[in-house]
Structures are given as C-alpha cells and as structure tokens.
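# Residue-level structural notes
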Amino acid sequence: MRAVETCAGLRLLALAALVASAALACLAAPVQIASAHAGLESSDPASGSSVSASPKVITLTFAEDPDASLSLVRLLDADGKTVPGVSAIKAVDGKPRELQVALTQALGQGVYTVNWRSVSAVDGHVQNGAFAFGVGVTPAPGSTKAVDLLNVSPWMSALGSTGRWLLYVGLALFVGATTTCLLVFAGRLPAGGNALLRLALLMAVVGFCAMVWAERALSGAPSLLPLFQTRHGQLLLALGVALVLCVAAMVAVDLWPARWSLLFLAAAGATAGLAHCLGGHADAPSSWRAVNVAAQWVHMTGIGVWVGGLAWLLLGIRGMTKPERAGAVGAFSRVATVTLGVVLATGVVRGLVEVGSFGNLLATTYGITLLVKIGLVLVLVALGALNHFRWVPSLKTHDGAARTFRMNSGGELAVAAAILAATAVLSGLAPASSAVASASPAGPPGVTVSGSDYATTVRAHLTVSPGTVGQNAYSLLIDGYDSGQPLTSATAVKLAFSLPSKPSLNASTLPLGKASDGSWRGAGLQLSVAGRWHIDVVVQEAAGGVTVPLELGVPAPGGG
C-alpha cells in the first residue's frame, strides 16, 4: 500500500512539473533580452540630435546602476563600419547610473550610431539598443545602424527562468518541511521525508547552476571569474553559500532528527531566499529599498510555508487514521489561512511597486505575465477555499473525503507550480514601471542639438519641439563642460536666431524663462522658413556671460 502511495506522490510531482514546464515554455520562450531593465534613459549626445562639433565623450544614463566591466559600447559610422578611437567604457565618478566612453579621434561631419549593451549591477539583467546622432547634420529617420551585441540564443532566458523555478520549488519544500513538521506533526519527519528533502536540494542546486550558466552567457562574461567579480555575481555566490548551508541542514536532519535540526533547515532555506531577493528587483535603488527586500523575502518565505507545507502535509497524512488525519489537516488549515493573508498582502505591495499604474498591466510584458499569475492565484485560492470549507470538515465523518481532499490538494500543488513558473519569468523581466520609463530612451520629442562655447566652459543642450517651420517650444539645459553639473549661476538666457542662407531675413531673439526643474524654456515663431539656422545661446551670469553657437536644420513643412 505504501509503495502505491509513493508512486502516486511521484505522479503528483510529475504533474506539477509538467504544468510548470508548459507555463515556462509559453511565458519564457518569447522573452528577448530587450525586456531586461537596465534601460537607457538618456544620452549625451541625445538620440536624434545634431551637434555642431565632435563630442569628446559619449555619456549614457540608465534606469539602474549598470556594471561597467560587462557593459559595452560600439560606435558605427553611416556605412555601418566601426569607428576607431573609442575608449573602453567606464563608470562616471559620483554618478553610478552613468557610463561614458571617450573619443580619442574627432568625428567628421555625418551620422553616427551608438550601439550599447548594459548589464544591471542590481540584478544582472542585460539590455541592448542603439541610437543615432549627427555631427553637423540631423539624422534622418531610419539612419540608425544597429548591430547585435549579445550573440547568445534567446533561449538562454528560458534557461534562467527554468533555473529560478527549480530554485523556488526546492526552497519552498525546505521551508515547508520545518513549519509543517513542527506545527502539524509534532516535530516528526514523515516517512519518505528524507527522500523529499534530497529531491528539494537537488532541484535547488540544479536550478542554481542553470541560473549561473544563463547569467554568464547573457552578460557576455568570458568566464565565471569576471561574472563573480560583479555585484550580482557576488550575490549569486552568496546564494551558493546559502545552498551549502541547506546541504548541512539536510545532513543534520538525517543524523539528528529533532526540532533544532528542522529549525536549522528552515533558516538555511530562508537565508537562500534572502540572498536571491537581494539580487532581484526588490533591491533596486529606492528610498524604500529595505522595505521592498523585506516584503519580497516575507512573500517568498510565506509561499514556502503555504505551498511547500502542503506537499509535506500530503506526504505525512498517508497511512494515518481518520482522527489523526483530520487533526493534522485542521492544524495545517489554520496555518495556511494566516500564511495566505501574509502572502497576498506582500504580493500586492510588491505588485504595486513594480507595476506603477494600472495602465502598465496591459502595456508591458511584465504586466501581462503578472495578470497570468494573478489568474492562477485566484484558481489556487478557490481550490484552497473548497478544501477549507468543504472537504476538511468532512474528513471526520466521510470515508471518501480523504481521497477527494488529496486529489483537490494535488490540483493546488499543480497550480502552485505554475504560479512559481510565472514568478520565475517575472524575475527575468523588466518591472512594468521601469519598462515604460525606459521605453523611449531617445530623449524628449522634437530635435535636440548640443554644443559648447569656444572656451569649452559650458555645454548647452537645446530641444526644439517639433523642430519644424512654425511655432516651436524650446527647452534648454546648461551644464559645466568639465563637471557635467547643471549651471546654477546663470541669471538670464536668450536665444538669437539667424539664417545665413537668407541674410535678408531679420535676426530675432527669444528670452527664456527658468523652470522649476532647472531648465530654461520658451516658445515662439522664430523658425519661420526651412533651412539651416544658426542659434546662439547667450548665457548671462553675474560675472559676465558666454555664448554657445548651435546649428539646427529645419525641414520644409511635410519634409523629412
């Protein structure tokens, strides 16, 4: 009889694995690296902008702190050829979200494409992209020459998601073993428990290895050593150390089955969960960083108590008498009810942080995947409610209730496995809020031109919207040439317009007003005809003033 029940348990685990594998295949396979969230927010020169002279450096600003050692920039000319004289990428001192490359050779007039690949220092996610800018000319639509800087199969994303799913299941079984054995089985490990612990450890270790392999390939690290020298790689090492603790805890349970060894088991599993949380979305820079990590860790641990504990309950009630079974199930039901509330509350908190707004749910891959997960959670809660209100009370009176309870609980485990699969995919996607924020890193709408004064003391970045003949809005940012910091000493700024190709056209000026964000803004009809306009940015300071000459090509109405 026990052999038959063991086979049934293995079939149940196989069903859960099948459901999870199907979910991973549906969710993870289409995921491309562009979904990661070390996204480009802005650049200097800006995407689509025209600068009057060759820049000395190219600066990229990302939504999260990038890892300079694994990130990459390649500059191409209009023919798609690599431009020589570009230095290795480096971090900008005091600005952790910025990377910079220096140009040792001046760029000639023409259109250039910056191809970039960033590796997040927060969670190791990888993103790539490209944008064009012009020197003395304005890039035309479609002039970007993009190249693939990843050179890996997109299925590596699926490998990473599969590894995370295996890790989640293994850690859930570790945490669930302690809570169910202590609170339901009076500190006793049920028959077959040692085998289940070995299976849990095997899944966690295999999952960890898959995660490391996928991360090495996706980040472009030539070997494991450069990966482990990054912040995210060090957190992966911490997770590996925590899994070693799990091995020690399993040995302790084998040799000294007691309450202390079970508590050691839970502590090891929870420590591994914390290490994983510190390498994920929750640890992104924020004033609520500690709260986010704590909520994520409690959420993950609660899933172990609830879902992992249910697997242990089904293993432990085999062969019990009717009163014993009813008592054990009743005790677990009370624990699961409290845990469910904690899991749902922390899940809502984390979801609100990652999604940002309701509209992002349908506008991003992360939001759609989260909706799938929410749907599965509703199914799981419904199955749990059916057990709690229908079959648990019947265990004391109906002989067939035990079999129905086990079947329904098996369905819960299968759905829970699919939920963990969706969670594994979500961990590899850009949170909806950051995906939307970095969806258009090209810069503000319109045309942006940049330049410096002849003494190279200040730089000006002028955005003209829409950048065509007629009414335009002007937004100007001024910063120190060497420091890159906003220039706060300016007391007045104006723009002086002239069109050399039509000297008969009177020159005009436009005073700008200072906005609350530090920019200078104005609007007017100065760009009255098509042509290549000269725009002088006249910056007045208490000690004098400087002039930054800019050039802007204005197309004819309806022209490109």
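Preceding block: the structure.
Notes on the structure follow. Because the structure is a prediction, the values reported are computed rather than measured. (Residues numbered from 1 in each chain as written. Predicted model: local features only at pLDDT ≥ 70, side-chain atom pairs only at ≥ 80, totals over all residues. Heavy atoms only, no water.)

### As for the sheet that holds strand 16 (residues 544–554)
One open sheet accounts for 12 strands, arranged 4-7-8-2-9-10-11-14-13-12-15-16; its pairing is mixed. A single partner strand is all that each edge strand has here, and the edge strands are strand 4 (72–76) and strand 16. As judged from the five bridges shared by strand 11 (residues 472–480) and strand 14 (residues 520–524), these two strands associate in the antiparallel manner. Bridged to Ala473 within strand 14 is Ala523. (Pairing = 2+ DSSP bridges. Helix = DSSP H or I, 4+ residues; strand = E, 2+ residues; numbered from the N terminus.)

### Section: unusual backbone geometry
At the junction of Asp44 and Pro45, the peptide bond is cis and its omega measures out at 5° in the coordinates. Here Pro45 shows up in the loop between strand 1 (40–44) and strand 2 (50–51). A positive phi angle, near 60°, is found at Ala186, a position not held by glycine. Along the chain, Ala186 falls in the loop between helix 2 (155–183) and helix 3 (193–219). In this structure Ala186 comes out as exposed when scored by relative accessible area, which is 59%. (Buried < 20%, exposed > 50% of the residue type's maximum accessible area, 1.4 Å probe, protein only.)

### Comments concerning helix 11 (residues 401–426)
For helix 11, which comprises 26 residues, the first-to-last C-alpha distance of 37 Å matches the rise-based estimate of 38 Å (1.5 Å per residue) to within 8%. By the criterion of burial, helix 11 is predominantly enclosed, with 21 of the 26 residues buried. (Expected span 1.5 Å × (residues − 1).)

### Things to note about the sheet that holds strand 1
With antiparallel pairing, four strands are arranged side by side in an open sheet as 1-3-6-5. The two strands at the open ends of the sheet, each matched to only one other strand, are strand 1 and strand 5 (90–92). On average, each strand axis in the sheet is tilted by 30° relative to the strand beside it, whichever way the strands run. Pairing geometry for strand 1 and strand 3 (residues 57–62), over four bridges, is antiparallel. (Axes fitted to C-alpha atoms, helices over the stretch in contact; angles between N-to-C directions.)

### Some thoughts on the pattern of salt bridges
Taken as a whole and judged by the stated rule, the model has five salt bridges. One salt bridge in this structure joins Glu354 and Arg350, with 2.4 Å as the shortest N-O distance. Remark: Arg350 and Glu354 occur in helix 8 (residues 322–355); sequence separation between them is four residues, near one turn of the helix. What makes Arg350 buried here is its relative accessible area of 6%. Among the ionic pairs, Arg532 bridges to Glu551, the shortest N-O distance being 3.0 Å. Here the residue Arg532 occupies a position in strand 15 (residues 531–541), and Glu551 occupies one in strand 16, the gap between them amounting to 19 residues. Bridged by salt links that share partners, the residues Asp44, Arg459 and Asp479 form one connected network. (Salt bridge = Lys/Arg side-chain N within 4 Å of Asp/Glu carboxyl O.)

Everything listed here is a matter of coordinates, which is why it stays silent on function.
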